[in-house]
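# Fold and contact review
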Amino acid sequence: MTLRAGIVGCGGISRSHATAYANLKDVELVALCDIQPEALNARAEEYAVSNRYTEFQEMFKKERLDVVSVCTHAPLHAPVAIAAAEAGINVLSEKPLSTDLENADRMVTACKEAGVRLAVSHQYRFTPLFRHAKEWIESGRIGEFRSIREVGKGREAGFELMEMGVHYFDEMDFFMDGIEWVHAQATYRGHSVGVEDIMHSSELCKTDRRDNGMVAGDIMMIHLGGKRGASGLVELYCRDPLQGWMMGPHILGREGQLMIKPNPQTGVDEMWHCPFDVSFAAHTPQWKRILLPEEVFVIDGRSWSSRHSIWSVRDMIDAIRENRQPELGGSNALTSLECVSAVYESHFTKARAYLPLEDRRHPLIKRLNG
């Protein structure tokens, strides 16, 4: 049976979802929606989609869809997902799931009550290198698993927390078998973030148009505790873009290290191993690249060596066909966003914030409101 897919929001990330649907067997991209006709028509022409809409409600009413990718700005994820659920359509939301937990909870509830699936698109955990690193951890290849570290792209921390931080939280949740608590510190222009430093993401970050809601801080140090004892560390701060895209986990075990980073020339992920728990530049030359057979990167006849959205899209498509929940479906879709709220809660309370959070209100907005 061919599954029918649609996309709401035709900005940059929609190309990744459209490419995924176009390259998965027995899936057809049949409808696109965007409030901007130019963006809508450009993406529709690129993928030869004739059914085009400027209102998602009309698209859901007229099209028989099995799944929709929500690729709008984050504040619109909830209304689009809830409307899709009410129309009986499975939902794959771009990250972050929403800008706050209250709306994310509504998304989960609406999809559950409608009997459809909701998942968030964190593709990293599904890629072969990340799966292989997980196997090494679980098999004891690097000894006792101690910690995992991520460094951000280099944008202002409060903005990047919602843009890339949610990816880091999901991969740490994956490697650590669950996140138990978050402890964080945030600064803005050299001082500890206070209520007066809370602002809209467009005010904090001038180089990206994405609407990430209310944010705070240009530097963050975030410590996470895993349910099985390992630790996670996320460092977010502004960095010269000439230093390159360093995103990727550095995993430390008692008997070795793993690192997954994009090659600076090709942008393709590489996995490297060092058989020591410490290393010192050229004096520890034992770092070796771990190569996987090319066939593990192949999906329906084409190789995907990058962290492309096709990996998370495929899990949703498989879940529909196999009548199961997606790996990042239901309450599992909430974890990465819950960590965002926990970062701010921990900073302002100067204490660990334990998951799941009891208070679902946006931690910055509730402080602005007194």
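Residues numbered from 1 in each chain as written. Predicted model: local features only at pLDDT ≥ 70, side-chain atom pairs only at ≥ 80, totals over all residues. Heavy atoms only, no water.

### Examining the overall build of the protein
- Along the protein, the regular secondary structure elements total 11 helices and 20 strands.
- Taken over C-alpha atoms, the radius of gyration comes to 20 Å for the protein, in line with the 21 Å a tight globule of 370 residues would show.
- Principal axes of the C-alpha set define a box for the protein whose edges measure 60 × 55 × 40 Å.
- Put simply, the protein has 370 residues, and 56% of those count as buried.
- Carbon together with sulfur atoms contributes 50% to the accessible area of the protein, which is approximately 16500 Å² in total.
- Of the charged side chains in the protein, 42 are positive and 51 negative; the average position of the first set lies 2 Å away from that of the second. (Helix = DSSP H or I, 4+ residues; strand = E, 2+ residues; numbered from the N terminus. Rg over C-alpha atoms; globule rule 2.2 N^0.38 Å. Buried < 20%, exposed > 50% of the residue type's maximum accessible area, 1.4 Å probe, protein only. Areas by Shrake-Rupley, 256 points an atom, 1.4 Å probe, with all protein chains shown as cover. Lys, Arg positive; Asp, Glu negative; His and termini not counted. Charge placed at Lys NZ, Arg CZ, Asp CG, Glu CD.)

### Concerning the pattern of salt bridges
- According to the stated counting rule, one finds 30 salt bridges in the structure shown.
- Among the ionic pairs, Asp170 bridges to Arg125, the shortest N-O distance being 3.0 Å. Of the two residues, Asp170 is situated in helix H7 (residues 157–175) and Arg125 in the loop between strand E6 (118–120) and helix H6 (128–139); the sequence distance between them amounts to 45 residues. Taken as a pair, Asp170 and Arg125 share a single burial class, namely buried.
- Residue Arg131 pairs with Glu327 through a salt bridge whose shortest N-O separation is 2.9 Å. Taken as a pair, Arg131 in helix H6 and Glu327 in the loop between helix H9 (310–322) and helix H10 (335–349) lie far apart in primary sequence, 196 residues in all. (Salt bridge = Lys/Arg side-chain N within 4 Å of Asp/Glu carboxyl O.)

### Some remarks on the sheet that holds strand E5 (residues 90–93)
- Judged by pairing direction, the sheet is parallel, and its 6 strands sit side by side in the order E3-E2-E1-E4-E5-E6 without closing on themselves. The open sheet has two edge strands with one neighbour each: strand E3 (51–53) and E6. Averaged over all adjacent pairs, the angle separating strand axes in this sheet is 25°, with direction ignored.
- As paired elements, strand E2 (residues 27–33) and E3 share 3 bridges and run parallel to each other. Each bridged residue has a counterpart across the sheet, and for Cys33 the counterpart in E3 is Tyr53.
- Across the sheet, helix H2 (residues 37–46) touches E2 and E3, and the angle it forms with E3 is around 165°. (Pairing = 2+ DSSP bridges. Axes fitted to C-alpha atoms, helices over the stretch in contact; angles between N-to-C directions. Contact = heavy atoms within 4.5 Å.)

### A few points about the side chain of Ser346
- Along the polypeptide, Ser346 turns up in helix H10.
- Beyond its immediate chain neighbours, meaning those up to four positions away, Ser346 contacts Val182, His183, Ala184, Ala351, Arg352 and Ala353.

### Remarks on the packing of H6 against H7
- Look at H6 against H7: their axes get within 10 Å of each other, and the N-to-C directions meet at 35°. Only Glu171, Phe174 and Phe175 of H7 make contact with H6, whose side of the interface consists of Phe130, Arg131, Ala133, Lys134 and Ile137.
- The residue inventory of the contact of H6 with H7, partitioned by class, reads 5 nonpolar, no polar and 3 charged. (Nonpolar A, V, L, I, M, F, W, Y, C, P; charged D, E, K, R; others polar.)

### Thoughts on H9
- With 13 residues, H9 extends 18 Å between its outermost C-alpha atoms, agreeing within 8% with the 18 Å of an ideal straight helix rising 1.5 Å per residue.
- Along H9, the residues classified as buried are Ile310, Trp311, Ser312, Val313, Asp315, Met316, Ile317, Ala319 and Ile320.
- Downstream of H9 by a residue or two, Asn323 has a phi angle that is positive, lying close to 55°. (Expected span 1.5 Å × (residues − 1).)

### Section: the packing of helix H4 (residues 77–86) against helix H5 (residues 101–114)
- Where H4 meets H5, the closest approach of the two axes is 9 Å, and the angle between their N-to-C directions is 10°. With respect to their mutual orientation, H4 and H5 come out roughly parallel. Mapping the contact onto sequence places His77, Ala78, Ala81, Ile82 and Ala85 in H4 and Asn103, Arg106, Met107, Ala110, Cys111 and Ala114 in H5.
- In the contact of H4 with H5, the residues fall into 8 nonpolar, 2 polar and 1 charged. (Parallel < 35°, antiparallel > 145°, perpendicular 65-115°, else oblique.)

### Structural notes on H7
- Taking 1.5 Å per residue as the helical rise, H7 with its 19 residues ought to reach 27 Å, whereas the 23 Å between its terminal C-alpha atoms falls clearly short.
- Along H7, the sharpest change in direction is near 55° and occurs at Met164.
- Judged by how many residues are buried, H7 sits mostly within the fold: 19 of 19 residues are covered.
- The positive-phi residue at the C-terminal boundary of H7 is Asp177, with phi of around 55°. (Bend = angle between axes of the 7 residues up to and from the residue.)

### What to know about the pairing of strand E8 (residues 179–188)
- One ladder, built from 8 bridges, connects E8 with strand E12 (residues 219–226); its direction is antiparallel. Within E12, the position partnered with Thr187 by the bridge is Ile219.
- Of the pairings in the sheet, the one linking E8 to strand E20 (residues 353–354) comprises 2 bridges and is antiparallel in character. The residue bridging Trp181 from the neighbouring strand is Tyr354, located in E20.

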